[in-house]
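Structural features, examined
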Amino acid sequence: MSVNEHRPPPADKKFESLEYTDEHSRTFVFGDEDHTLGNSLRHVLMGRKETTFCGYSVPHPSEPKMNVRLQTSTSKTAVEVLKDGLHELVEICDLFDFTLDSAIAGYEAREKDAGAESKGQSKSV
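Attention here is on the structure that accompanies the text.

Reading guide: rules and limits
Residues numbered from 1 in each chain as written. Predicted model: local features only at pLDDT ≥ 70, side-chain atom pairs only at ≥ 80, totals over all residues. Heavy atoms only, no water. Helix = DSSP H or I, 4+ residues; strand = E, 2+ residues; numbered from the N terminus. Rg over C-alpha atoms; globule rule 2.2 N^0.38 Å. Buried < 20%, exposed > 50% of the residue type's maximum accessible area, 1.4 Å probe, protein only. Contact = heavy atoms within 4.5 Å. Areas by Shrake-Rupley, 256 points an atom, 1.4 Å probe, with all protein chains shown as cover. Core = buried A, V, L, I, M, F, W, Y, C linked by side-chain atoms within 4.5 Å. Pairing = 2+ DSSP bridges. Salt bridge = Lys/Arg side-chain N within 4 Å of Asp/Glu carboxyl O. Patch = residues over 30% accessible without salt bridge, like charges linked within 9 Å, V, L, I, M, F, W, Y side chains within 5 Å. Lys, Arg positive; Asp, Glu negative; His and termini not counted. Charge placed at Lys NZ, Arg CZ, Asp CG, Glu CD.

**Brief notes about the overall build of the protein chain**
From N to C terminus, the protein chain includes 2 helices and 4 strands. Taken from the N to the C terminus, the helices and strands of the protein chain come in the order β-β-α-β-β-α. Computed over the C-alpha atoms, the radius of gyration of the protein chain is 23 Å, more than 25% above the 14 Å expected from 2.2 N^0.38 for a compact globule of 125 residues. Its C-alpha atoms put the protein chain at 80 × 50 × 20 Å along the principal axes. Sorting the 125 residues of the protein chain into buried and exposed places 24% on the buried side. Put simply, of all contacts in the protein chain between residues at least 6 apart along the chain, 52% involve residues at least 24 apart. Per element, the accessible surface of the protein chain, about 9,000 Å² overall, is 56% carbon and sulfur.

Here you go:
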C-alpha cells in the first residue's frame, strides 16, 4: 500500500459546535472535511460584515476533522453567521456549476459547428 492510499477512519461526528459562554465566539468542528471546505468557508465568512475574526485549521492529516473559529459582532451570533455563510457558499457553488455547464455546452456547440463546416468544405473541393 502506498502513502497516498492511506485513508483516515471516518469521523465520529459530522458536525459539532463547541460551547462557550459568549454566543458571538465559537469553534465549529466539521467531521470528514479538509482545506477544500475550510478555506472556501473562511473566505466567505470573512467577507461578511458581522465577522470580526475567522480562521480554520486541520489539526493533522490523519484526523478526519476541520476546525473553524468564528467571532462576530453583536448584531448576529456565530451560529447565525455560519448558517448565512454556508448558504452563500452553496449559492456560489450553484453559480459556478451553472457557468461551467454553460461554457461546456457553448464549447461543444462551437466544436460541432466547426466539424460540420470542415466536412462541408472538404466535399466542395
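**With respect to the side chain of Arg 26**
By the secondary structure assignment, Arg 26 is in strand E2 (residues 25–31). Filtering out sequence-adjacent residues up to four positions away, Arg 26 remains in contact with Ser 17, Leu 18, Glu 19, Tyr 20, Val 68, Arg 69, Leu 70, Ala 78 and Val 79.

**With respect to the nonpolar core**
Phe 30, Leu 41, Leu 45, Val 68, Leu 70 and Leu 82 are the most contacted members of the largest nonpolar core, which totals 14 residues. Contributions of two or more residues to this core are made by E2, helix H1 (35–46), strand E4 (65–72) and helix H2 (78–124). Sequence-distant contacts of Leu 45, that is, excluding residues within four places in its chain, are made with Thr 51, Cys 54, Val 68, Leu 70, Val 81, Leu 82 and Gly 85.

**A closer look at the pairing of strand E1 (residues 15–18)**
Of the strand pairs in this sheet, E1 and E2 are connected by 4 bridges, and their pairing is antiparallel. Its bridge partner lying in E2, Phe 15 is registered against Phe 30. Connecting E1 to the antiparallel partner E2 that follows it, the hairpin turn spans 6 residues.

**A few points about the pattern of salt bridges**
All chains considered together, the criterion is met by 7 salt bridges. Here Asp 84 and Arg 48 are joined by a salt bridge, their closest N and O atoms 3.6 Å apart. With Asp 84 in helix H2 and Arg 48 in the loop between H1 and strand E3 (51–57), this pair connects stretches of sequence that are 36 residues apart. The closest approach of N and O atoms between Lys 65 and Glu 63, which form a salt bridge, is 3.7 Å.

**Side note on a negative patch on the surface**
Residues Glu 19, Asp 22, Glu 23 and Glu 80 make up a contiguous surface patch of negative charge. Within the secondary structure layout, Glu 23 lies in the loop between E1 and E2.

**Some remarks on a nonpolar patch on the surface**
Residues Phe 96, Leu 100 and Ile 104 make up a contiguous nonpolar surface patch of about 290 Å² in total accessible area. Mapped onto the secondary structure, Leu 100 falls in helix H2. Take Leu 100: its relative accessible area is 39%, and that puts it in the partly exposed class.

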